[in-house]
Structures are given as C-alpha cells and as structure tokens.
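Single-letter residue listing:
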Amino acid sequence: MEAPLEEIEFLARSTNRVEVLQLLASAPQTRADLATATGASQATLGRILEDFADRSWVSRDGEEYVATATGELVAEGVEELVALLETEAKLRDVVAYLPTAELGFDLRRLADATVTVPTRTRPSAPLQRVLDAMAGATTLRAFSHTLNEQSLATARDRVAAGEQTFEAVLSAGAIEALAADDVLWRRLQTLAESDDAEIRVRREEVPVAVTVADDTVYLLVRDNGGILRASLHTDDPAVREWADQAFSGYWKASDPFDPTAFEE
C-alpha cells in the first residue's frame, strides 16, 4: 500500500504534474504546447517529463510527448479522484443530515448538484430555492413528510391559475399538521379538489422531502430537530430516475386523500 500512496503524494505535491499528465493523456503535446497550457517553465517541464518517463507514464515521439497506456490509466484515476473530492467538499457540511439510507443512487451523481444553505442574510435560502422552482414549473411531483405553508400556497395558486399539475404523496403526519391550522387546511382541500391536482396519503412516515419540478430534483435536508439545513437540486438523470421510481413506489403504497379521515 505504501508505494501507491507515495505515487499519489508525488502527483499531489504539484498541480503542474497533474495538469501535464492530463494534457498528455488527452493528446500528444510538444514542450512548447505544455508551457503554453500550464505556464510552467521549461526547467520545470523537463523535470516533470523525466519523472514521468522514469515511471513509464510518457514516451517521446520526435518533438512530441504522449501518455503511455499506464499513463492514461493514472491520468484517468487522478481525474476521478479529483472529481470525487470535489463532490465530497460540496457535501461535507450537509452530509450529517443527508438521508443516505433512502437515496437510491451513488453520491457521485451529486457532482453537479447545487447545494443551498442558510446564511445570516438569507436564512430561508434553501426553501426559497425550491419555491422559485415550484413557481416556474408546469409539472410538480412531490413525496414528503411535511408540506410547509409557502409550498402549499405556491402549488395552490399555480394549479388554480391552470399553470401547473400537482401530484404529491404526503405522510399522515404532514396532513395532520395541516389539519390543525384552519387556514392551511382550507388551502389543502382547495388544492386537492382541483382537477389538476391529486394528493395521496401514506400512513407510514415518508423519510425524505423531495420535489421534482419539471425535470429537476430538489431535496430538502433537515436535522433531527426539524431545522432546514440545506436544499440540493440536480438535473442528473440517475437522480431523476431514482426520484421517479421512489415517487411511484410511495404512490402505489398510499391512499387517496380523504379530508374526513382527519377531521374530528
């Protein structure tokens, strides 16, 4: 194990080494090409190319240098590691709250996700990100353990205006919380009565809060105290496939919304 780690350290100590190897793996390069692309001096490039040649990562063909098969392999591995660490850095502050057991996709699929967290000046930024998406979507599907006042109002208004179709699976707990507030309860019933909306109720808890606005998946992340910590959204096809399958599963295992079942 020590030798591979030493090679990783060798590459990691110099961004020029990583960049040169990736450039050579993409296409043959002259030293002038490498100097232009990296800004490295000829002396630095000379040392890098010599070190790579010692490892059989590059070979020379006239004035050009090219990555060998193993050089391409290392370059690909480094690129994958960099991408993985970039994704890890993006998720580092929210991973403690991610319901990873419920996410049926590799976290690498969140490489292009946007993570929105509260700030002092915008404490509601995560929720606002989702509300903005809801306000601009023509189709909305959701499965969640909660439905907050703003999301309910947005969906009701969009559906009433004929600008959106709305399908949702909500936990019984979410419905009960809305039933405890007369204003929110009337809004929910108004929404459910629309021809362009359908709500179903799952007696068991829905462990995640997901909204699919058109083709984009939004995930709201809360801590154990129910405090909203972040929203994540992505257009990644694998995440969208998971969300569609999860929605279908919850939909089939739930019952049509019946207001009388929640009224005393």
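Quantities reported herein were computed from a predicted structural model and do not represent experimental measurements. Starting from 1, residues in each chain are numbered consecutively following that chain's sequence as written. Under the rules for a predicted model, residues below a pLDDT of 70 receive no local features and side-chain atom pairs below 80 are neither given nor counted, while totals for whole chains, interfaces and linings still include all residues. The basis for every side-chain value is the complete set of heavy atoms in the structure, and neither hydrogens nor water enter the calculation.

(A) Region of the structure containing the pairing of strand 10 (residues 228-234). Each residue is placed in one exposure class: buried if its accessible area under a 1.4 Å probe, protein chains only, is under 20% of its type's maximum, exposed if it is over 50%, and partly exposed if it falls in between. A helix here means a DSSP run of H or I that spans at least four residues, while a strand means a run of E at least two residues long, and both kinds are numbered starting from the N terminus. Counted residue by residue, strand 10 has six buried out of seven residues, so it is predominantly covered. As judged from the three bridges shared by strand 4 (residues 114-116) and strand 10, these two strands associate in the antiparallel manner. Paired with valine 115 across the bridge in strand 10 is leucine 232. Remark: five residues form the turn of the hairpin made by strand 9 (residues 216-222) and strand 10, two consecutive strands paired antiparallel; glycine 226 in that turn has positive phi of roughly 85 degrees. For two strands to be treated as a pair, DSSP must find no fewer than two bridges joining them.

(B) Layout of the layout of surface pockets. We place a 1 Å grid over just the protein atoms. Points where a 1.4 Å probe fits but has no way out form a cavity, open points with protein on both sides within 12 Å along at least 5 of 7 lines form a pocket, and any residue with an atom within 4 Å of a point lines it. Grid points are joined across faces, edges and corners, and a volume is the space filled by probe spheres set on the points. What the largest pocket holds in volume is close to 340 Å³. Lining the largest pocket are 15 residues; nearest its centre among them are Ile8, Leu11, Gly77, Val78 and Leu81. Those elements giving two or more residues to the lining of the largest pocket turn out to be helix 1 (2-12), helix 2 (15-26) and helix 5 (69-91). Here the lining of the largest pocket takes seven residues from helix 5, the largest share from any one element.

(C) Representation of the pairing of strand 6 (residues 165-171) within the structure. Counting buried residues along strand 6, five of its seven residues qualify, which places the element largely inside the surrounding structure. Relative to strand 6, strand 5 (residues 139-144) runs parallel, the two sharing six bridges. Looking across to strand 6, one finds that threonine 139 is bridged to threonine 165. Call a crossover right-handed when, viewed with both strands pointing away from you, the route from the first strand across the helix to the second goes clockwise. For the crossover from strand 5 across helix 7 (residues 149-160) to strand 6, the handedness is right-handed. Where strand 6 lies against strand 7 (residues 197-202), six bridges are found, and the strand directions are parallel. If you follow phenylalanine 166 over to strand 7, its bridge partner there is alanine 197.

(D) Looking closely at the pattern of salt bridges. Salt bridge criterion: a side-chain nitrogen from Lys or Arg within 4 Å of a carboxyl oxygen from Asp or Glu. Here the structure, examined in full by the defined rule, presents 13 salt bridges. Where arginine 55 meets glutamate 7, a salt bridge forms, and the shortest distance between an N and an O atom there is 2.7 Å. Taken together, the residues arginine 55 in the loop between helix 4 (42-54) and strand 2 (58-61) and glutamate 7 in helix 1 connect sequence positions 48 residues apart. Residue glutamate 7 is classed as partly exposed on the basis of its relative accessible area of 30%. Arginine 141 is paired through a salt bridge with glutamate 167; the nearest N and O atoms lie 3.3 Å apart. Taken together, the residues span a long stretch of sequence, with arginine 141 in strand 5 and glutamate 167 in strand 6 at a distance of 26 residues.

(E) Quick look at helix 4. With 13 residues, helix 4 should reach 18 Å at 1.5 Å per residue; the first-to-last C-alpha distance of 18 Å fits that figure. Trailing helix 4 by a residue or two, serine 56 shows a phi angle of about 60 degrees, which is positive. Helix span, expected: 1.5 Å multiplied by one less than the number of residues in the helix.

(F) Looking closely at the sheet that holds strand 2. Here three strands make up an open sheet; going across it, the order is 1-3-2 and the pairing antiparallel. The open sheet terminates on both sides in strands that have one partner only, identified here as strand 1 (29-30) and strand 2. Alignment of strand 1 against strand 3 (residues 64-67), held across two bridges, turns out to be antiparallel. Considered in strand 3, the bridge of threonine 30 is made with glutamate 64.

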